[in-house]
6 protein chains.
Amino acid sequence: MNLADLRFAAEPYYRPVGHEVALFEHAHAHRLPVMLKGPTGCGKTRFVEHMAWRLGKPLITVACNEDVTAADLVGRFLLDADGTRWHDGPLTVAVRQGAMIYLDEVVEARPDTTVVLHPLTDARRILPLDRKGETVTAHPDFHLVVSYNPGYQAAGKGLKPSTRQRFAALEFDYPDEAAETEIVAHEAGIDRTLAATLVRIAGRSRALRARGLDEGISTRMLIYAGVLIRDGMPAAESCRMAMTDPITDDADLRQALRDIVDACLP
Amino acid sequence: MNLADLRFAAEPYYRPVGHEVALFEHAHAHRLPVMLKGPTGCGKTRFVEHMAWRLGKPLITVACNEDVTAADLVGRFLLDADGTRWHDGPLTVAVRQGAMIYLDEVVEARPDTTVVLHPLTDARRILPLDRKGETVTAHPDFHLVVSYNPGYQAAGKGLKPSTRQRFAALEFDYPDEAAETEIVAHEAGIDRTLAATLVRIAGRSRALRARGLDEGISTRMLIYAGVLIRDGMPAAESCRMAMTDPITDDADLRQALRDIVDACLP
Amino acid sequence: MNLADLRFAAEPYYRPVGHEVALFEHAHAHRLPVMLKGPTGCGKTRFVEHMAWRLGKPLITVACNEDVTAADLVGRFLLDADGTRWHDGPLTVAVRQGAMIYLDEVVEARPDTTVVLHPLTDARRILPLDRKGETVTAHPDFHLVVSYNPGYQAAGKGLKPSTRQRFAALEFDYPDEAAETEIVAHEAGIDRTLAATLVRIAGRSRALRARGLDEGISTRMLIYAGVLIRDGMPAAESCRMAMTDPITDDADLRQALRDIVDACLP
Amino acid sequence: MNLADLRFAAEPYYRPVGHEVALFEHAHAHRLPVMLKGPTGCGKTRFVEHMAWRLGKPLITVACNEDVTAADLVGRFLLDADGTRWHDGPLTVAVRQGAMIYLDEVVEARPDTTVVLHPLTDARRILPLDRKGETVTAHPDFHLVVSYNPGYQAAGKGLKPSTRQRFAALEFDYPDEAAETEIVAHEAGIDRTLAATLVRIAGRSRALRARGLDEGISTRMLIYAGVLIRDGMPAAESCRMAMTDPITDDADLRQALRDIVDACLP
Amino acid sequence: MNLADLRFAAEPYYRPVGHEVALFEHAHAHRLPVMLKGPTGCGKTRFVEHMAWRLGKPLITVACNEDVTAADLVGRFLLDADGTRWHDGPLTVAVRQGAMIYLDEVVEARPDTTVVLHPLTDARRILPLDRKGETVTAHPDFHLVVSYNPGYQAAGKGLKPSTRQRFAALEFDYPDEAAETEIVAHEAGIDRTLAATLVRIAGRSRALRARGLDEGISTRMLIYAGVLIRDGMPAAESCRMAMTDPITDDADLRQALRDIVDACLP
Amino acid sequence: MNLADLRFAAEPYYRPVGHEVALFEHAHAHRLPVMLKGPTGCGKTRFVEHMAWRLGKPLITVACNEDVTAADLVGRFLLDADGTRWHDGPLTVAVRQGAMIYLDEVVEARPDTTVVLHPLTDARRILPLDRKGETVTAHPDFHLVVSYNPGYQAAGKGLKPSTRQRFAALEFDYPDEAAETEIVAHEAGIDRTLAATLVRIAGRSRALRARGLDEGISTRMLIYAGVLIRDGMPAAESCRMAMTDPITDDADLRQALRDIVDACLP
């Protein structure tokens, strides 16, 4: 992996909603590990990309899931014509060469990942590669960022207290209406009136969480719908295809979502 | 795998039931990942084949199940006389060379497939081959399509909200009577009167879902029965063999289905 | 595997109980996948062997169970002095060379077998060997037959609706008294009077299913008992050893079965 | 494995309790698979050894358990300096070379063993070595014998009806007092009076099964105790060490067993 | 493994509490497998070491647990420059060369260990190495000893009746006060008064088992505490550190244990 | 691994709260295995580092988790150009070369670790490398230290009594207010008044454990917050980011924690 390829040439668009940029910079200055908490699609990944660009650091992103193990992060021996050869995993690359690493939805990963994260997140800042018999001291630029969604997790999963307290936390939520309108208009290339309408639909959908909806319509989905409408697709069909129909299989909830769309569209 | 072999020489027969062709073309133009929802045998696979032909794109189809892992999609190292050699999986082939890939019944696959789908379904459009240490940027023609059946899923399975919102959704259902009659007559090579009778049986069978039938008789089964009747087999035995007896083991439901057949056949 | 070895030189004895021979021939003519449903030991395997002989096709039989995976059917790479070498599994042999394949008790197999059966059971008739990077188009003579026993299955097992509707179904049950008597007399080489007595015992035993017996005495067991009696063993001991004692461990049921034997024997 | 080593040079001592020798000979003459049912330590293994000696056949014994798989029975590829080499498992050795094979406590084995037993236990008498691509036709002398203990099984285990009906069954129980006395006196080398006392203790212990004892004291344990007493150990301590204390950890049951010992010893 | 290294040069200290030495010698003379039952830390391991020394036999000890499999005991093929090479496990070493083997906490091991123990514990005294295709006849000096703690076992674990009845049993408990005082004084190098005090604390702690304590304070822990006190550590802190605090995490039980310490210390 | 690299050049800061330094030195003098019990982040790891420095011993730390197996600790064979080569794990390195080893959160490790810890923690002080066929006698300087948190464990986990009683226990808790203030001021480089305020917040947070908080705010988190405040970040935001927001996802508990912060900050 060539770290130069992992630097952002252009600024990833991000519209701050509070002091999160400054707070992250403080944590980064001390290489305090950062935990981003918040619902799906509210901009956590984009925020990390923006901060990596802002701080001029290369960024490695790993989408975690229940099959990701410590070996997937750290590396493993591969069989070769000359026997086994060690292959650094993405975490080891970041630790050695000094990159930011972003473990998206970290609670989904196998618990053995904590064995490698703990010594990286206290005063030692080391990564033991037990199977290789090597201990890597972290490059001064190495910085660990993780995210998870506290509102939706696989049953029985969560971070252990001994892991939690190694992180500084930043809470995220969907941006407020004005900010979200600006984001949707910018990213989808549509006018503010239409963007505001889409944002209004999203806001109402999020209220359905009390009625059993796992997650409301996210900012990303509004952008998808905006792109389709700009492209000439009817607004109602665009909203159904990109906003309401993907997020639920429940007939009642889907009808409620479609009613919201019909009520909000001009 | 030679992509040329994956192009359709002849048009796969598909009879539209709404705007789905145009909606899919819009999503395809922006390479928006598409999720097809609908009951078994209502034509989702045929629709994807038809769209691949219409758009002139090669198509790779993977039938997912609970043993399909990310490695099955992405590829793995195989041992060779000269050591290990990387072997691209079907997803990597599609990403590198620019094909449509259709993951049928995607919710059945192991959750680690999300680790490879997520970075392909947002602005990055990349496929990290962690074990190979390579990140493949998707070919401009790469397009991801998935399907699942919301009415019948293994317990505890489903798409996570963070995955759902990366897709535009198209809902499918069995075609209406007129359309289904036309399809069955065309595909089985029988006259419209017989086709209409078979469609009427199917329609009544679907009402039995309220009494515990997992799925009603699908369009595909009507075509099977039609073929057998055209071939000279008695109509009642053909309907039993191809339509009623395969779909249930429950004695009461099977009798109810057979009664429907007897009542509808002339 | 040499397909010539898989052809039946002599006719496997089978006594039809209905139109099943003609129905199977129709399905075979269109290579419609066939599903045989029925209780254990009622003759499903013998029927498939008879049909393979009748149609002049080689037959490969696989007894499925919960450890049979897709790789067991499709094949795998074996390590060799020259590295890895692909080894076709029984399904691939049948698909390439044009044999009938019979998957006995298919519901017991691991669910990943559906990934290879689905594209073989619709219009495509292809077998993707993902790990080998090859897609095999089925030989025109390839024909898939499966069986299962709807009355006795491991908990939580069953065919998914999307799999069921790819098959034409033939239902089997124990033959009626006259037919079963003829079969037992023919296969065990005993006279019809004794055969009729054994059949009467079996008939009464099947009624015990309502009292908790998993399965009644099957035709195969009657033949076993007949062989032992012909060989000079006392009838009562033969019936116990080959008919009543193997099928239950419950003391009450076994006594009930033995009482039936004593009441029926002259 | 050299089959000559698996023949019994001397007669294994066995004292018949009924017609089991003749019944087994009849089943053996037709190579009917035999299932031995009965409690632990009542002599099933010794009976099979005796029959193998009597019939002049080599015998291979496999003690099954929940980690025994089909591959353990059939064989597997082992890696060698020249690549992989196939290694026949004990079942394949018996099938090829014509031995009796005895699968002790067969219900404990993994269910995939049924895949190899079924085609060996019907008219085909073949053993498919799927991974080797070979089908072995059984040697005329091959004979399959299995045993299990219906009174004590791991939860949820048992033989499927489709497996059961492929066997002729012989039921075993502890021998009656006279026979058991003779066996214990013969095997332990003690006089009949002492042997009778030990048998009386065993008989009473078996009545404790109604009070929660898994199994009573077996014939084998009586022989152990007899040997220790003959060797000069006090009778009470010998009975405790070899008969009562091994079979239960329950304080009440152990006391009840010890009381039986004290009451019976002179 | 060099058996000479496994002989005890010096007598391991053991203070008999009954006839266990003579009983073990009788069982050893006939190579009757021996099962030692008793609570943790009461001296079972030391007893076996003492007997091995007394009988002049080498001793191999294996601490079992739920990840110990038959292959761990028997051996396996290891990959080498020249292909695979068989490596004898500890049980095979003992069987071939004639050592005592002690399987500590045998019920914790995986059930497949019974497959190798059974033919070693009946008249056959053989060890089948199925994967190597070799059957090892036990050296005349081979003797099997196992232990387990009937008062504390992982749920659902235990010895099957068919395994139990292959062993002669010796029951162990903590020694009586006088004996335990002598042992503690001897092993810790402290005077009898202090040793008696520690023993009194242990005796009272064992009564707490009725209130939920898994196990009372063992003899080994008294020795630890004695060593620390002899070394100059305050008695109360030594008792807490070595006796009361390790055995429970329950605040009430720990306080009760500390109260016992305070009440007993002078 | 070079043991010289595992020695501490500078004294790791540790402020004693009782006699723990002397008690540990006594246990170390006799190489008595030590078990550190206490809540997350109260200083157990730092204490071990301090003692290793104080005693002039190299220290190897392993963060255990449910995927850590005995092989991870002991070592394994790795495939090489010349075949397999044994690779010592961290425990074997410590045993051979005479280091302290610290198994953090040992109860999380797989139970097979007990198989290697038991013979190291009694009079034998040996480490059997079963797969290598070698038994390593511990270097005189080898010392085993483990830790766990009795207040928070994965369900069903815990140390077996037979393991517990091999250790001397040291109980840890958060330091008292004066000590904690001193630690926070020293480590974060802030004045005592601010440190005292942070400590007061932590004290109140720990009382929330009764209301469902897994763990209160740890000393480590106070240091993080102190560092951020010293760096110029507003106190309230620093406390939220480093102290309250990481430890809970429950909205009520988080609000309660934030209220404590607001009430305590000047």
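Every value quoted in this text rests on a predicted model; they were computed, and no experiment measured them.

1. Overview of the overall build of chain A
Logical step 1: Secondary structure summary: chain A contains eleven helices and nine strands in total.
Logical step 2: Its C-alpha atoms put chain A at 65 × 40 × 35 Å along the principal axes.
Logical step 3: For chain A, the residues scored as buried account for 61% of the 266 residues in total.
Logical step 4: Considering only contacts in chain A between residues 6 or more positions apart, those separated by 24 or more positions represent 72%.
Logical step 5: Within the structure as shown, chain A displays about 9700 Å² of accessible surface, and the carbon and sulfur contribution to it stands at 49%.
Logical step 6: A distance of 4 Å separates the average location of the 31 positive side-chain charges in chain A from that of its 37 negative side-chain charges.

2. A word on the arrangement of the chains
Logical step 1: Considering only C-alpha positions, the minimal separation of the non-contacting chain B and chain D is 11 Å.
Logical step 2: What separates chain C from chain F at the closest point of their C-alpha atoms is a distance of 15 Å, and the two make no contact.

3. Here we look at the relation of the copies chain C and chain D
What connects the two chain copies is a rotation about an axis and a shift along it.
Logical step 1: It takes a turn of 60° to lay chain C on chain D, together with a shift of 0.1 Å along the axis; the resulting RMSD is 0.1 Å. The relationship between the two copies is best expressed as a six-fold rotation axis.
Logical step 2: Take the interface residues of chain C: only 2% of them recur as interface residues in chain D, which is what a contact between different surfaces looks like.

4. Focus on the interface of chain F and chain A
Logical step 1: On the side of chain A, 40 residues touch chain F, which itself brings 43 residues to the contact.
Logical step 2: Here chain F and chain A share three salt bridges between them.
Logical step 3: Salt-bridge contacts for Arg254 of chain F lead to Glu171 of chain A; the nearest nitrogen and oxygen are separated by 2.4 Å.
Logical step 4: Seen at the junction of chain F and chain A, the total is 14 residue pairs in polar contact (both at pLDDT 80 or more).
Logical step 5: Elements supplying a minimum of two residues to the side of chain F that touches chain A: helix H2 (44-55), strand S2 (59-63), strand S3 (75-80), helix H9 (219-230), helix H10 (235-244) and helix H11 (251-264) of chain F.
Logical step 6: The leading source of residues in the side of chain F that touches chain A is H9 of chain F, at six residues.
Logical step 7: Among the residues making up the side of chain F that touches chain A, the classes are represented as 16 nonpolar, eight polar and 19 charged.

5. Focus: helix H9 (residues 219-230) of chain D
Logical step 1: Between its first and last C-alpha atoms H9 of chain D spans 17 Å; for twelve residues at 1.5 Å apiece the expected length is 16 Å, and the two agree.
Logical step 2: Within H9 of chain D, ten of the twelve residues are buried, leaving the element largely enclosed by the surrounding structure.
Logical step 3: Taken residue by residue, H9 of chain D has Thr219, Met221, Leu222, Ile223, Tyr224, Ala225, Gly226, Val227, Leu228 and Ile229 of chain D as its buried positions.
Logical step 4: On the buried face of H9 of chain D, the contacting elements are helix H7 (177-188), helix H8 (192-207) and helix H10 (235-244) of chain D together with helix H1 (20-29) of chain E.
Logical step 5: Of the residues flanking the end of H9 of chain D, it is Gly232 of chain D, one or two places downstream, whose phi is positive at about 105°.

6. Quick notes on the packing of helix H8 (residues 192-207) of chain F against H9 of chain F
All names here are of chain F.
Logical step 1: It is the contact of H8 with H9, at a shortest axis distance of 10 Å, that shows an interaxial angle of 140°. It follows from the interaxial angle that H8 and H9 lie oblique. In this structure, H8 crosses over H9, and the sense of that crossing is right-handed. Together, Leu194, Leu198, Val199, Ala202 and Arg206 of H8 and Thr219, Leu222, Gly226 and Ile229 of H9 make up the contact between the two elements.

7. Points about the UniProt feature "domain: CbbQ/NirQ/NorQ C-terminal" (unreviewed entry) in chain A
Logical step 1: UniProt's feature table lists "domain: CbbQ/NirQ/NorQ C-terminal" (unreviewed entry) at residues 180-263 of chain A, given in the numbering used throughout.
Logical step 2: With 71% helix and 0% strand, residues 180-263 of chain A has its two end C-alpha atoms placed 20 Å apart.

8. Describing the packing of aromatic side chains
Residue and element names in this part refer to chain A.
Logical step 1: Summed over the entire model, instances satisfying the criterion amount to 18 aromatic pairs over all chains.
Logical step 2: In textbook terms, an aromatic cluster arises when at least three aromatic residues are bridged by ring pairs, as seen for Tyr14, Phe24, Phe47 and Phe172.
Logical step 3: Cation over ring: Arg206 sits above Tyr174, and NZ or CZ is 3.7 Å from the ring centre.

9. Re the packing of helix H10 (residues 235-244) of chain A against helix H11 (residues 251-264) of chain A
Between two packed helices, the angle of one axis relative to the other and the distance separating the axes together describe the packing.
Residues and elements named next belong to chain A.
Logical step 1: Packing of H10 against H11 brings their axes to within 10 Å, and their N-to-C directions diverge by 140°. In terms of their interaxial angle, H10 and H11 are classed as oblique. Crossing hand, H10 versus H11: right-handed. Facing H10, whose interface residues are Cys239, Arg240 and Thr244, H11 presents Leu257, Arg258 and Val261.
Logical step 2: Taken together, the residues that form the contact of H10 with H11 break down as three nonpolar, one polar and two charged.

10. With respect to the side chain of Arg164 of chain A
Logical step 1: Relative to the helices and strands, Arg164 of chain A is located in helix H6 (residues 161-164).
Logical step 2: Overall, the relative accessible area of 9% leaves Arg164 of chain A in the buried class.
Logical step 3: In this structure the side chain of Arg164 of chain A is engaged in a polar contact, spanning 3.3 Å, whose partner is the side chain of Tyr148 of chain A.
Logical step 4: The contacts of Arg164 of chain A, once residues within four sequence positions are left out, are Met35, Tyr148 and Leu159 of chain A together with Pro246, Ile247, Thr248 and Asp249 of chain F.

11. So, the side chain of Ser238 of chain B
Logical step 1: Structurally, Ser238 of chain B can be placed in helix H10 (residues 235-244).
Logical step 2: In contact with Ser238 of chain B, other than residues within four places in its own chain, are Ala225, Leu228, Ile229, Met233 and Met243 of chain B.

12. So, unusual backbone geometry
Logical step 1: One non-glycine residue, Arg31 of chain A, adopts positive backbone phi at about 55°.
Logical step 2: Within the fold, Arg31 of chain A resides in the loop between helix H1 (20-29) and strand S1 (34-37).

The rules behind each value
Residues numbered from 1 in each chain as written. Chains lettered and ligands numbered in written order. Predicted model: local features only at pLDDT ≥ 70, side-chain atom pairs only at ≥ 80, totals over all residues. Heavy atoms only, no water. Helix = DSSP H or I, 4+ residues; strand = E, 2+ residues; numbered from the N terminus. Buried < 20%, exposed > 50% of the residue type's maximum accessible area, 1.4 Å probe, protein only. Contact = heavy atoms within 4.5 Å. Areas by Shrake-Rupley, 256 points an atom, 1.4 Å probe, with all protein chains shown as cover. Lys, Arg positive; Asp, Glu negative; His and termini not counted. Charge placed at Lys NZ, Arg CZ, Asp CG, Glu CD. Least-squares fit on C-alpha atoms with pLDDT ≥ 70 in both. Salt bridge = Lys/Arg side-chain N within 4 Å of Asp/Glu carboxyl O. Polar contact = N/O pair within 3.5 Å; in protein donor to acceptor, adjacent residues only side chain to side chain. Nonpolar A, V, L, I, M, F, W, Y, C, P; charged D, E, K, R; others polar. Expected span 1.5 Å × (residues − 1). Axes fitted to C-alpha atoms, helices over the stretch in contact; angles between N-to-C directions. Parallel < 35°, antiparallel > 145°, perpendicular 65-115°, else oblique. Left-handed = near helix turned anticlockwise from the far one by under 90°. UniProt positions renumbered as here; feature names shortened; annotations may be inferred. Phe/Tyr/Trp six-rings, centres within 6.5 Å; stacked < 30°, edge-to-face > 60°. Lys NZ or Arg CZ within 6 Å of the ring centre and 35° of its normal.

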